[in-house]
Amino acid sequence: MQERHVENNAPLAPLTTFRLGGPATRLVTATTDDEVIAAVRAADDAGTPLLVIGGGSNLVIGDKGFDGTALRIATRGFALDGTALELAAGENWSDAVGRTVEAGLAGVECLAGIPGSAGATPIQNVGAYGQDVSETLTEVVAYDRHSGETVTLSRAQCGFSYRHSRFKQDPERFVVLRVRFALEDADGLSAPLRYDQTARALGVGTGDRVPLTVARKTVLALRASKGMVLDPDDHDTWSAGSFFTNPVLTEAEHADLVQRVHDRLGPDAAPPAFPDGDGRVKTSAAWLIDRAGFTKGYGSGPARISNKHTLALTNRGRATTEDLLALAREVRDGVHDAFGVTLVNEPVTVGVSL
């Protein structure tokens, strides 16, 4: 490991989109897979806690920082072979999506503008505007900290579900090195659109295809209108995007929610409902937050709800992680009191919890 890749008592806030969190005892920046593996092995052999950082777009780091080794994965690699795509874990995801669109390949165009690194996408099963990475992902190459070997996991072995995966379930085991996808050559057209808002913005129906470049441009515009495209001058983007996942409810839980909505908002009010298989129903976290009284711009301190989107909690420039967590707890508890639904945070917390 070259010494220029190692920094002691290193600030971590600049490596996150929240721009929050204290320092790490040691920060290692790895630019090759071998360097990633060497850093992980060194930490494991020494019994040192390890924090893996990609684009930092899904991290909430405590104000005290991280007592251990933070490993920043800065590997690069974008390889297309026909419709097969391989990305190094450190590749900028949004840039990679742009390159697939330029190449005329469909499958991830509606995931444009999502901040972070390619290696993080399978961990969270990143998705937006009707697409999830699990739909096109074929394999993940990872370092298995249990066996000390590099392994290749198939899509089925990744255990994908809504904003979840085997990697998130067992965060201490795998470090993602490379991600592989099977894209589609649809003569310059997008995959069939499945998100109503995107289809409406394009003036087409769900299931229709549109030119890839148009689909990407439309998604970027929609994300920007919600403060979901990073802009260092816009505090509405100093966030982790959607802070809470959309709740997935049993039939009984959904029935209870409907009744609570009627009691609170009147008999004509109804929460959004989307079938999610096995009798479960997915509803909208943003709708619940807004109807519980936490509207856009809510808050008077340095951490507030975005002015553009109720799902985004933001650092207005002077916040601490504790400021952010206090707001998150207020929103979570307020939604539970109003509707009996407990919201779950989407970002990973380090050294803190809700």
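These numbers were taken from a predicted model, which means no experiment stands behind them.

## Re the overall build of the protein chain
Of the regular secondary structure elements, the protein chain holds nine helices and 18 strands. Computed over its C-alpha atoms, the radius of gyration of the protein chain comes to 20 Å, within 12% of the 20 Å expected for a compact globule of 354 residues. In terms of principal-axis extent, the alpha carbons of the protein chain reach across some 65 × 50 × 40 Å. Of the charged side chains in the protein chain, 35 are positive and 45 negative; the average position of the first set lies 3 Å away from that of the second.

## Structural notes on the nonpolar core
Membership of the largest hydrophobic core comes to 50 residues, with the highest contact counts inside it found for Val36, Leu71, Leu87, Trp93, Val140 and Phe181. The element that contributes the greatest number of residues to this core is strand β12 (residues 174-182), accounting for six residues. Counting residues in each nonpolar core, the second largest holds 33 residues, with Phe244, Ala286, Ala303 and Leu325 among its members.

## Topic: the side chain of serine 57
Relative to the assigned elements, serine 57 resides in the loop between β3 (50-53) and β4 (59-61). With a relative accessible area of 14%, serine 57 lands in the buried category. A polar atom in the side chain of serine 57 sits 3.1 Å from the backbone oxygen of proline 115. Discounting residues that sit within four places of it in the chain, serine 57 has contacts with Thr17, Pro115, Gly116 and Ala240.

## Thoughts on the layout of surface pockets
If you add up the space inside the second largest pocket, you get close to 410 Å³. In terms of lining residues, the second largest pocket is bounded by 23 residues, among which Gly54, Gly55, Asn92, Gly116 and Leu230 are the most central.

## Observations concerning the environment of lysine 168
If you trace the backbone, lysine 168 turns up in helix α4 (residues 166-169). Between the C-alpha atoms of lysine 168 and glycine 130, which are 38 residues apart in sequence, the distance is 21 Å. For lysine 168, the contacting residues outside a window of four places in its chain are Ile123, Gln124, Arg163 and Glu346. A polar contact is formed between the side chain of lysine 168 and the side chain of glutamine 124, at a distance of 3.3 Å.

Analysis parameters
- Residues numbered from 1 in each chain as written.
- Predicted model: local features only at pLDDT ≥ 70, side-chain atom pairs only at ≥ 80, totals over all residues.
- Heavy atoms only, no water.
- Helix = DSSP H or I, 4+ residues; strand = E, 2+ residues; numbered from the N terminus.
- Rg over C-alpha atoms; globule rule 2.2 N^0.38 Å.
- Lys, Arg positive; Asp, Glu negative; His and termini not counted.
- Charge placed at Lys NZ, Arg CZ, Asp CG, Glu CD.
- Core = buried A, V, L, I, M, F, W, Y, C linked by side-chain atoms within 4.5 Å.
- Buried < 20%, exposed > 50% of the residue type's maximum accessible area, 1.4 Å probe, protein only.
- Polar contact = N/O pair within 3.5 Å; in protein donor to acceptor, adjacent residues only side chain to side chain.
- Contact = heavy atoms within 4.5 Å.
- 1 Å grid on protein atoms, 1.4 Å probe; cavity = no way out; pocket = protein on both sides within 12 Å on 5 of 7 lines; lining within 4 Å.
- Points joined across faces, edges and corners; volume = space filled by probe spheres on them.

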